[in-house]
Protein chains: 2
Amino acid sequence: MQNFVFHNPTKILFGKNTVPLIGAETVLFGKRVLLVYGTGSIKKRGLYDQIVQSLHAAAAIITEHGGVQPNPLLSHVHKGIKLARENNCDVVCAVGGGSVIDEAKAICAGTPVQHDVWKFFTGKKSVKNPLPLTTVLTLAASGSEMNSGMVITNDATSQKFGFGNKQLFPKTSILDPTITFSVPADYTAYGAIDAISHVLECYFTTTDPYTPVQDRLMEGIVMNAIESCNRVLANPDDYHARADLMWTASLALNGLTSSGLGKVGFPMHMIEHSLSAFYNVPHGAGLSAVIPGWMRFNAKLQPDRFAQFATRVFDKRTGSIEEKATQGIEALGNWFREVKSPTSITALNIPGTDIPKIAANAMTLAKVWRMRDYSEEKIEAILDGCL
Amino acid sequence: MQNFVFHNPTKILFGKNTVPLIGAETVLFGKRVLLVYGTGSIKKRGLYDQIVQSLHAAAAIITEHGGVQPNPLLSHVHKGIKLARENNCDVVCAVGGGSVIDEAKAICAGTPVQHDVWKFFTGKKSVKNPLPLTTVLTLAASGSEMNSGMVITNDATSQKFGFGNKQLFPKTSILDPTITFSVPADYTAYGAIDAISHVLECYFTTTDPYTPVQDRLMEGIVMNAIESCNRVLANPDDYHARADLMWTASLALNGLTSSGLGKVGFPMHMIEHSLSAFYNVPHGAGLSAVIPGWMRFNAKLQPDRFAQFATRVFDKRTGSIEEKATQGIEALGNWFREVKSPTSITALNIPGTDIPKIAANAMTLAKVWRMRDYSEEKIEAILDGCL
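Along each chain, the written sequence defines residue order, and numbers are assigned to residues from 1. Labels are handed out in written order, letters beginning with A for the chains and numbers beginning with 1 for the ligands. In keeping with the model being predicted, local features are shown solely for residues with a pLDDT of at least 70 and side-chain atom pairs are shown and tallied solely at 80 or more, while totals for entire chains, interfaces and linings include all residues. Values reported for side chains reflect all heavy atoms of the structure, with hydrogen atoms and water molecules removed beforehand.

A. Representation of the side chain of N361 of chain B in the model. Counting from the N terminus, the helices are DSSP H or I runs at least four residues long and the strands are E runs at least two residues long. Within the element layout of this structure, N361 of chain B appears in helix α14 (residues 355-368). The contact rule is simple, with two residues in contact once any of their heavy atoms fall within 4.5 Å. Beyond its immediate sequence surroundings of up to four residues, N361 of chain B is in contact with S158, S274 and F278 of chain B.

B. Highlighting the sheet that holds strand β2 (residues 11-14) of chain A. When DSSP finds two or more bridges between two strands, those strands count as paired. Pairing is mixed across the open sheet formed by 7 strands, whose spatial order is β4(A)-β3(A)-β5(A)-β6(A)-β9(A)-β2(A)-β1(B). Since the sheet does not close on itself, it has two edges, and those belong to β4 (61-65) of chain A together with β1 (4-6) of chain B, each with one partner. Recorded for the sheet is a direction-independent mean angle of 15° between the axes of neighbouring strands. Across 5 bridges, the pairing between strand β3 (residues 32-37) of chain A and strand β5 (residues 91-96) of chain A is parallel. Each residue of the ladder has a partner; that of V36 of chain A, found in β5 of chain A, is A94 of chain A. Across the sheet, helix α4 (residues 74-86) of chain A is in contact with β3 and β4 of chain A; its angle to β4 of chain A comes to roughly 160°. Angles shown run from 0 to 180 degrees and are taken between the N-to-C directions of axes, each axis being a line fitted to C-alpha atoms and, for helices, limited to the stretch in contact. In the packing of helix α9 (residues 239-251) of chain A onto the sheet, the strands contacted are β2, β6 (133-137) and β9 (172-175) of chain A together with β1 of chain B, and the crossing angle to β2 of chain A comes to about 170°.

C. Inspection of the relation of the copies chain A and chain B at higher detail. A least-squares superposition brings the copies together, and it is based on the C-alpha atoms of residues with pLDDT no lower than 70 in both. For the match of chain A to chain B, the screw axis carries a shift of 0.0 Å, the RMSD comes to 0.0 Å, and the turn is 180°. The relationship between the two copies is best expressed as a two-fold rotation axis. Using C-alpha coordinates, one finds that chain A approaches the rotation axis most closely at P9 of chain A, a distance of 2.3 Å. Of all interface residues in chain A, 100% are interface residues in chain B too; the two copies therefore contact each other through one and the same surface.

D. Just the interface of chain A and chain B, in detail. Counting from both sides, the interface comprises 42 residues of chain A and, opposite them, 42 residues of chain B. Surface buried jointly by chain A and chain B totals about 3,600 Å² across both partners, of which 60% is contributed by carbon and sulfur atoms. Once two parts are put together, the accessible area they lose, assessed with a 1.4 Å probe and summed over both, is termed the buried area. Interface area lost by chain A to chain B is led by M1, Y210 and R216 of chain A, which between them contribute 18%. Any Lys or Arg side-chain nitrogen found within 4 Å of a carboxyl oxygen on Asp or Glu counts as a salt bridge. Connecting chain A to chain B are 4 salt bridges. Salt-bridge contacts for E227 of chain B lead to R216 of chain A; the nearest nitrogen and oxygen are separated by 2.7 Å. Here a polar contact means two N or O atoms within 3.5 Å. Within protein one must be a hydrogen donor candidate and the other an acceptor candidate, and residues neighboring in sequence count only if both atoms are side-chain atoms. The interface formed by chain A and chain B holds 18 residue pairs in polar contact (both at pLDDT 80 or more) in total. Contributions of two or more residues to the side of chain A that touches chain B are made by β1 (4-6), β2, α8 (212-234) and α9 of chain A. Among the elements that make up the side of chain A that touches chain B, the one with the highest residue count is α8 of chain A (11 residues). Looking at the side of chain A that touches chain B, its residues break down into 21 nonpolar, 12 polar and 9 charged. Note on residue classes: Ala, Val, Leu, Ile, Met, Phe, Trp, Tyr, Cys and Pro are nonpolar, Asp, Glu, Lys and Arg are charged, and everything else, Gly too, is polar.

E. Up close: the packing of aromatic side chains. A pair of Phe, Tyr and Trp rings is counted when the ring centres sit within 6.5 Å of each other, with Trp represented by its six-membered ring. The angle between the planes then sorts it: under 30 degrees is stacked, over 60 is edge-to-face, the rest tilted. All chains considered together, the criterion is met by 34 aromatic pairs over all chains. Consider the rings of Y187 of chain B and Y190 of chain B, whose centres lie 5.2 Å apart with planes at 75°: the pair is edge-to-face. With a gap of 3 residues between them, Y187 of chain B and Y190 of chain B both fall in helix α7 (residues 185-205), about one helical turn apart. Cluster of aromatic residues (ring-pair linked, three or more members): W118, F120, F121, F161 and F163 of chain A. Sitting over the face of the ring of Y203 of chain B, R305 of chain B holds its NZ or CZ atom 4.0 Å from the ring centroid. Counting as a charge over the ring demands two things of the Lys NZ or Arg CZ atom: a distance within 6 Å of the ring centre and an angle within 35 degrees of the ring normal. Looking at K357 of chain B, its charged tip hangs above the ring of F278 of chain B, at a distance of 4.4 Å from the centre.

F. The sheet that holds β1 of chain A, seen in detail. Read across the sheet, 7 strands follow the order β1(A)-β2(B)-β9(B)-β6(B)-β5(B)-β3(B)-β4(B) without closing on themselves; strand pairing throughout is mixed. What marks the edges here is a single partner per strand, and that holds for β1 of chain A together with β4 (61-65) of chain B. Geometrically, the sheet is characterised by an average inter-axis angle of 15° between neighbouring strands, direction not taken into account. Helix α5 (residues 98-110) of chain B contacts β3 (32-37), β4, β5 (91-96) and β6 (133-137) of chain B of the sheet and is inclined by roughly 165° relative to β5 of chain B. Against the sheet, helix α9 (residues 239-251) of chain B makes contact with β1 of chain A together with β2 (11-14), β6 and β9 (172-175) of chain B, and its axis sits at roughly 170° relative to β2 of chain B, the strand it touches most.

G. Here's a closer look at the UniProt feature "domain: Fe-containing alcohol dehydrogenase-like C-terminal" (unreviewed entry) in chain A. UniProt positions are given in the numbering used here, feature names are shortened, and annotations may be inferred rather than shown by experiment. Mapped onto this structure's residue numbering, the UniProt feature "domain: Fe-containing alcohol dehydrogenase-like C-terminal" (unreviewed entry) falls at residues 188-384 of chain A. In residues 188-384 of chain A, helix accounts for 70% and strand for 0%; the two terminal C-alpha atoms are 28 Å from one another.

H. Spatial organisation of a positive patch on the surface. On the surface, K119, K124, K125 and K128 of chain A cluster together to form a positively charged patch. The rule is simple: take the accessible area with a 1.4 Å probe, protein chains only, and divide by the maximum for that residue type; under 20% is buried, over 50% is exposed, in between is partly exposed. Classification of K128 of chain A as exposed rests on a relative accessible area of 60%. Residues forming no salt bridge and having over 30% relative accessible area are the ones grouped into patches, like charges within 9 Å of each other and nonpolar side chains (Val, Leu, Ile, Met, Phe, Trp, Tyr) within 5 Å. The Shrake-Rupley method, run with a 1.4 Å probe sphere, supplies the accessible areas, and residue values consider only the shown protein chains as cover. The positive count covers Lys and Arg only, the negative count covers Asp and Glu only, and His and the chain ends enter neither. By convention, the point assigned to a charge is CZ for Arg, NZ for Lys, CD for Glu and CG for Asp.

I. Representation of the UniProt feature "domain: Alcohol dehydrogenase iron-type/glycerol dehydrogenase GldA" (unreviewed entry) in chain A. Sites flagged by UniProt as "domain: Alcohol dehydrogenase iron-type/glycerol dehydrogenase GldA" (unreviewed entry) map to residues 9-177 of chain A. Secondary structure content for residues 9-177 of chain A is 30% helix and 25% strand, and the end C-alpha separation is 22 Å.

J. Representation of the environment of R317 of chain A. With respect to the helices, strands and loops of the structure, R317 of chain A is situated in the loop between α12 (303-314) and α13 (321-338). Sequence separation of R317 of chain A and L73 of chain A is 244 residues, and the distance between their C-alpha atoms is 46 Å. Look past the residues within four positions of R317 of chain A in its chain and what remains in contact with it is T311 and K324 of chain A together with D315 and R317 of chain B. Within the structure, R317 of chain A has its side chain in polar contact with the side chain of D315 of chain A (distance 2.6 Å).

This is the structure we're talking about:
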């Protein structure tokens, strides 16, 4: 186990009827609130009214910044920063899924500084005195509600980059599973796949050979993400299944599983980000198109690790190490197919001839993330295996 | 899943060479430090000198409060409170295992209030503005380094009571596994058993029938506590095994496993506390004497739950539900015997004729903890099964 610091100060309010608490939780940090949300679905479902009512009851002065896109854009972050500055906002309240919360974090970081917010993403500047953030989560997927990271797409350069900073943990996040009843089957599955991918990234990229308790936690989270997603798809209004999936996704990327693993990479995300940047595919769909190919490529390098995964998560107990490793990857791919998520880039209608372009784009992120074990050639080879 | 609040703000600094950070972490909360420790082993091992040096380097003014006993006593807490008041201490720094950290928490809570600190334990008063706490952990067991609870024995009344309050999470806890190299085999095992018991209490007392992700985490923690303890006993200087056990014990009782379970009880602790109060047995040894009997009693009431535990933790896959449940309890008892921990109160030389006295004592705690499903008769029946 490697040395680590674990410090996750986010307060989680989980369960039914928790949304009305958002006003009081938010004005703890000031009255002038930038309310960040997406492209309108929260208005259709009545959630927007509930939030505004709660904020007004707490005497908040609201500036609205709606219209956040899936794969949120830097140009829209800029608009949010401008609004926050013009209205002297004290605090940001994000209502949405990972995209909305990620954009809100970028606004929190970018508002108080003179330079462009993108310099945080390229590693050229460090976060200082960001605005505080509260959130109401509407999708079980990214874990952004309980971590300090975010991903933004620079629409000028087609770069989808991510970064994190310990000052950017939300202060309070409200997780009401009933809000997710209306998430359709495809996005429910993409969300579960996103959560699983966060675990797989850590599980398969740690170079520490001795992480037993983290392994157990990660294996449990993957098993449970699959099981709870299946239950939700069978019955979208099953409160307990929605709750289970929602909390599982938060636990998948809140620092718990990665503490002690040393430096881990996010190579599947690195490649997927290029798919999203070019083709605007849903993040979870892009991930499920990349994961099996990435796993097949890497199982050759560390078959023992992949065999442990197969045995513990999918109960694969027969055959050689290599055979078990393969069975585990196949089992995960089969589940992706069961929940109707693509398992190849071909299924996303991305032609093989685009692979060099995708690999070149992914390499720009590999450099920022200092993933020195990746080259264009290697990414192309992985993508060839994702056709 | 039940509604819950999860908010664990403790900062964990984990790994080799982290002890010298204690001075800087502590003086963040003030210069006048009450240094709380046990009965001298930290002086034998050089840890004391390291701590004092780090505190002095951070310009701390130290008031010492050593001599904390295993099963820490209220009378000694009173002495610590007196010292903290007389020296206007700003912050408490605890160096030790669960007993030392628990006593330090009681001192933090009791110093700023007019009434006796015991009123917190009997539920008659609420915590207000406690002193902040930092810790350096020396034993993997109680989880006190990352939670807000504590247990103190009132030596005037022979009551071992516990309570918790969200203001009493340590601010920072330092976990250096090398410090635990010198923990002998018996106390290593008792520590692992304590950690396991914290999980079992939650796992078997939740009345919520739908806690899948928590179940997976709890099962993983129990499996790993057993595995890491075995590795430590085979090689006490195995850094990675010590690290794994240390972090596992913290995760076993930091709120992670119990969030969403609703009200859980700690009946095994409730009964064990009476053993410790009367016979001063080590906490982990008392627990292992009670756990199998308590489990046999309760497996009849919820065999499915015990069968799940047996299947997932001990790979028991054959036989009826009831048979699997029994096999799981036997497997855990066998492991207790392997690590030379008692599996009956007889093995602790406690005569059966004392059972009514123990049950009557335990009931006083059952009332404070509002465990309405326990009576003297029921506790006696459980203890009869622990002979």
